[in-house]
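Reading the structure
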Amino acid sequence: MEDVVQLLLIEELEDIEVRNRRVHRRRLDPFNELSDEYFIKVFRLSKALAQFLVHLLKDYIAPANRSTDLDITTKVLVTLRFLASGSYQMDVGSNYNFGISQPSVSRCIEEVVNAMNRNEIFNAYVHFPRNIQELNAARMGFFEKYNFPGIIGCIDCTHVAIFPPKVDDDNYPEHIYVNRKNYHSINVQLICDHNLKIINVNALFPGSTNDAFIWNQSNVQTLLRRLHEAGNKNYFLLGDSGYPLRSWLLTPLEYEPRPNIPEHFYNSRHKTIRSTIERCNGVLKMRFRCLLKHRVLHYSPEKASKIINACVLLHNLCIEHNIETPQNEEAEQIDLGVHVPERNHVVERVNPELAAGRNQRNKLITLLQQ
């Protein structure tokens, strides 16, 4: 009997020793122990940019008050790793010698993502041109790159897959998140500049919402309409045929013109320049793979929207600091939001804003052939 008791005590001591080793194992210091190239592969940001982000968010993240608390740098790196990989929280916590439990990873992600969504942080790095000078700078960027006058941005939507909400959820009923491809998503409107920097994001609408409806609820649409009503008509966006033609939002011609005429030249140039937003969507999802269709954000729609915003902010930081897009990673399907649009031609024909848009487009066609 004594032998059995001693054996049980030995086994219990061994278990305690194993648990202690697991808790107190040395964590990797990525800044000192990873090469610059591998650091970007793992966290998507350079070492200098990651340290800048830590400094930027430190006033909005709880500091470590006890020896067992995670420091701010670790919280930021854990969140970056999750956004970059789209892995499950448990995998993020165990990988790269973080040695962190799944609940701790969840708290890290929520705290850091909430900090990046604060207005004073987010609006500093993701904003539409705020005055005539910034509008002119945006227009000049497109003109110098594409020799096409008046463009200040390209617009499109992209779907980000989410875990189905509860069927009986009062605020986020499950059925409205089923998109046209029959999976649950948030339909995210993005507007980018000529350098793929995102100047506006709207991640508030469920997957069943069409692109034109999201645009019609957009503050940017209201701003551009007011600009044109005030006589500032030399600023417009480019969008695909899923959007309504307006003097501030130019779409392709409704038909494919024959080659070697001005209308064909306009359509061709429009398509080339509009591909900027499609590349932007692709780069965003390659960089932060949690947004990929097959990764699926296992969060409520509200939290998923905040994660999308955080990825957009980080994407812009990468653009500003010339961080290269990750390469040579496994290819996955990226939903760029390309689809056959639904149009209501009867309503559009009698809309005076549509007539103004056609006039604006015709002026450009005439100008481009000169």
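Presented here is an overview of the structure given in this document. (Residues numbered from 1 in each chain as written. Predicted model: local features only at pLDDT ≥ 70, side-chain atom pairs only at ≥ 80, totals over all residues. Heavy atoms only, no water.)

**Focus on the packing of helix α5 (residues 72-85) against helix α13 (residues 301-320)**
Rules: Axis lines are fitted to C-alpha atoms, over the contacting stretch for helices. Their N-to-C directions set the angle, which ranges from 0 to 180 degrees. Working definition: helices are DSSP H or I runs of at least four residues, strands are E runs of at least two. Numbering for both runs from the N terminus. Under this scheme an angle from 65 to 115 degrees is roughly perpendicular, one under 35 degrees roughly parallel, and one over 145 degrees roughly antiparallel; angles in between are oblique. Note on contacts: a residue pair qualifies if any of its non-hydrogen atoms lie within 4.5 Å across the two residues.
Direction vectors running N to C along α5 and α13 enclose 95°, while the axes themselves pass 11 Å from each other. It follows from the interaxial angle that α5 and α13 lie roughly perpendicular. Where α5 abuts α13, its residues Leu 80, Phe 82 and Leu 83 lie against Ile 307, Cys 311 and Leu 314.

**A short note on the nonpolar core**
Cut-off, in case you're wondering: Buried Ala, Val, Leu, Ile, Met, Phe, Trp, Tyr and Cys residues that are joined via side-chain atoms within 4.5 Å together make up what is termed a nonpolar core. Exposed residues in this analysis have more than 50% of their type's maximum accessible area, buried residues have under 20%, and partly exposed residues fall in between, with area computed by a 1.4 Å probe over protein chains only. All domain edges in this entry derive from an automatic or database-based domain assignment.
Counting residues in each nonpolar core, the largest one holds 80 residues, and the members touching the most others are Leu 53, Leu 297 and Leu 314. Residue contributions to this core peak at 10 residues, all from α13. Of the residues that make up this core, three or more belong to each of domain 1 (1-117) and domain 2 (125-326 + 350-368). Beyond its immediate stretch of four places on either side in the chain, Leu 297 contacts Val 160, Ala 161, Ile 162, Phe 163, Cys 290, Leu 291, Ala 304, Ile 307 and Ile 308. Counting 19 residues, the second largest nonpolar core, distinct from the first, contains Ala 138, Ile 214, Leu 224 and Leu 227.

**Notes on α5**
Applicable threshold: One less than the number of residues in a helix, times 1.5 Å, gives the span that helix is expected to have. Any pair of nitrogen or oxygen atoms within 3.5 Å is treated as a polar contact; in protein, a donor-acceptor pairing is required on top of that, and neighbouring residues in sequence qualify only through side-chain atoms on both sides.
Taking 1.5 Å of rise per residue, the 14 residues of α5 would be expected to cover 20 Å, and the 20 Å separating its terminal C-alpha atoms lies within 8% of that figure. Counting buried positions along α5 gives 13 out of 14 residues, so the element sits mostly inside the fold. Its side-chain oxygen placed 3.1 Å from the backbone nitrogen of Thr 73, Asp 71 serves as the N-cap of α5. The first or second residue beyond α5 is Gly 86, which carries a positive phi of 70°.

**Let's talk about the side chain of Asn 309**
Turning to its location among the elements, Asn 309 is positioned in helix α13. Judged by its relative accessible area of 16%, Asn 309 falls in the buried class. Apart from residues lying up to four places away in sequence, Asn 309 is in contact with Asn 117, Phe 122, Val 201 and Ala 203.

**Observations concerning the sheet that holds strand β2 (residues 185-192)**
This is how the line gets drawn: By definition, two strands form a pair when at least two bridges between them are found by DSSP.
Read from one edge of the open sheet, 5 strands run β3-β2-β1-β4-β5, paired in mixed fashion. Looking at which strands have only one partner, the edges of the open sheet turn out to be β3 (198-206) and β5 (249-250). Sheet analysis places strand β4 (residues 236-238) next to β5, joined by 2 bridges and oriented parallel. The residue of β5 that forms the bridge with Leu 238 is Leu 250. Packing of helix α12 (residues 262-287) onto the sheet brings it into contact with β1 (151-161), β2, β3, β4 and β5, and relative to β1 it is tilted by some 45°.

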